[in-house]
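# Structural overview
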Amino acid sequence: GILTEGRPAVTAVADRTARWDGVDAAALGPSPRANLRRLAALEALSEHPVAGAVLSLCTRAGIDPAGQEVTEVESQPGLGIRGTVDGVRLVAGTAEWLRRNGAEPDPVLVASVAFIESVGGSALRLAVDGRELLVIGVEDRLRPDAAEVVAQLKADGIRVTLLTGDRRAAADRIAARLGGVGVIAEVLPQDKDRVIADLQRSGQRVAMVGDGVNDAPALVRADVGIAMGSGTDVSIASADIVLLSSELSKVRQAAALSRRTLRTIRQNIRISILYNVVMVPLAMAALVTPLVAAVSMPLSSLAVIGNSARIHSFFRERSGPSHGVN
């Protein structure tokens, strides 16, 4: 949702017998269709974007999850979801999530997982009654401006790092598409705060861009927390800067505006110091009349105000609306 469009879609479905790339819904065999129907009933209770991708695939394939009894549902952010559907135990998520729930990844499906991750997707693994039976490839397309904005930030001297819970292989693929950025992958949501703290302890100043509920602690921890306007309420409340539009370019604009503001503050300080350095000695030496002193004081204040007002030209220079960053 930050570097991507936030609308993941299923790109592949694989079981022990075949893999369906591009997912021609009509070509899916009976076994994956049956398991997808169970999974859809479980994912219907989740608000995760991947759940929406699975449900969208089922709609295209004419798979109706209605009429199934779903109980004992539990989800773990960054790992997956589990529950019982019509008496069948389902565990869907990462390989680690399957292991925690007593289901070992199927070695036959390893090749399909490797393929999905090699093209930049993420693998959603499904175990039924303790056996992994299905792998679903999910991919969220990069925002059209993502690579350009990352290149501009790097040109400004800002080091960009992709912090994600996705598998390392998938994250490296995305990083390559962005023109090469640092990668910290396979991070659980609750560990993002720790990663930010580690970066700060190494002497770095960190700006964190996030939009989810689990990003809130990291946004608070960062030197500057930046929330996308389309993000959750808690992420917006936790951030120092809110991008009222969801344009990624506003991140760079916020950084440039900060530099411009700091430069203006320093200029104003120099103006004030210059006034005092010149006028105070002249007044003490009685070289200026009270009238000149009375006029020069507000003039110096007006100079500071005028210099500060010039910052409004920053938005015209970038042809961007002045309400884009809050």
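Our structure's up above, just so we're on the same page.
Quick notes on the rules
Residues numbered from 1 in each chain as written. Predicted model: local features only at pLDDT ≥ 70, side-chain atom pairs only at ≥ 80, totals over all residues. Heavy atoms only, no water. Buried < 20%, exposed > 50% of the residue type's maximum accessible area, 1.4 Å probe, protein only. Helix = DSSP H or I, 4+ residues; strand = E, 2+ residues; numbered from the N terminus. Pairing = 2+ DSSP bridges. Axes fitted to C-alpha atoms, helices over the stretch in contact; angles between N-to-C directions. Parallel < 35°, antiparallel > 145°, perpendicular 65-115°, else oblique. Left-handed = near helix turned anticlockwise from the far one by under 90°. Contact = heavy atoms within 4.5 Å. Nonpolar A, V, L, I, M, F, W, Y, C, P; charged D, E, K, R; others polar. Core = buried A, V, L, I, M, F, W, Y, C linked by side-chain atoms within 4.5 Å.

## Quick notes on the pairing of strand 4 (residues 80–85)
On any regular strand, side chains alternate: one points to one face of the sheet, the next to the other face. Counted residue by residue, strand 4 has 6 buried out of 6 residues, so it is predominantly covered. The side-chain alternation of strand 4 yields two buried faces, one formed by G80, R82 and T84 and the other by I81, G83 and V85. As paired elements, strand 3 (residues 70–76) and strand 4 share 5 bridges and run antiparallel to each other. By the bridge assignment for strand 4, T71 is matched with T84.

## Examining the packing of helix 1 (residues 30–43) against helix 2 (residues 49–60)
Running from amino to carboxyl end, helix 1 crosses helix 2 at an angle of 135 degrees, the nearest separation of the two axes being 9 Å. In this view, helix 1 runs oblique relative to helix 2, as classed from their interaxial angle. Seen from above, helix 1 lies across helix 2 with left-handed handedness. In this structure, helix 1 uses L36, L39, A40 and E43 to contact helix 2, whose residues at the interface are A51, V54, L55, L57 and C58. For the contact of helix 1 with helix 2, the residue count by class is 8 nonpolar, no polar and 1 charged.

## Considerations on the pairing of strand 7 (residues 131–139)
Most of strand 7 is tucked away: 7 of the 9 residues are buried. Across 5 bridges, the pairing between strand 1 (residues 9–14) and strand 7 is antiparallel. Following the sheet pairing, V10 is matched in strand 7 by V138. In this structure, strand 6 (residues 122–128) lies alongside strand 7, joined through 7 bridges in antiparallel fashion. Counterpart to S122 in the pairing with strand 7 is V138. Two successive antiparallel strands, strand 6 and strand 7, enclose a turn made up of 2 residues, where D129 displays a positive phi of approximately 50 degrees.

## Digging into the nonpolar core
Within the largest apolar cluster, 28 residues are counted, with the highest numbers of intra-cluster contacts made by V10, V13, L36 and I136. Counting residues per element, the ones that place at least two in this core are strand 1, helix 1, helix 2, strand 4, strand 5 (88–93), strand 6 and strand 7. Beyond its immediate sequence surroundings of up to four residues, V10 is in contact with V23, A53, V54, L57, I136, G137 and V138. One finds L3, V181, L243 and L248 within the second-largest nonpolar core, a separate group that totals 23 residues.

## Quick look at unusual backbone geometry
Leaving glycine out, the prevailing phi sign among residues is negative, and the prevailing peptide bond configuration is trans. Not every positive phi belongs to a glycine, and D86 is a case in point at roughly 50 degrees. With respect to the helices, strands and loops of the structure, D86 is situated in the loop between strand 4 and strand 5. Even without a glycine there, the phi angle at D129 is positive, about 50 degrees. Position of D129 among the secondary structure elements: in the loop between strand 6 and strand 7.

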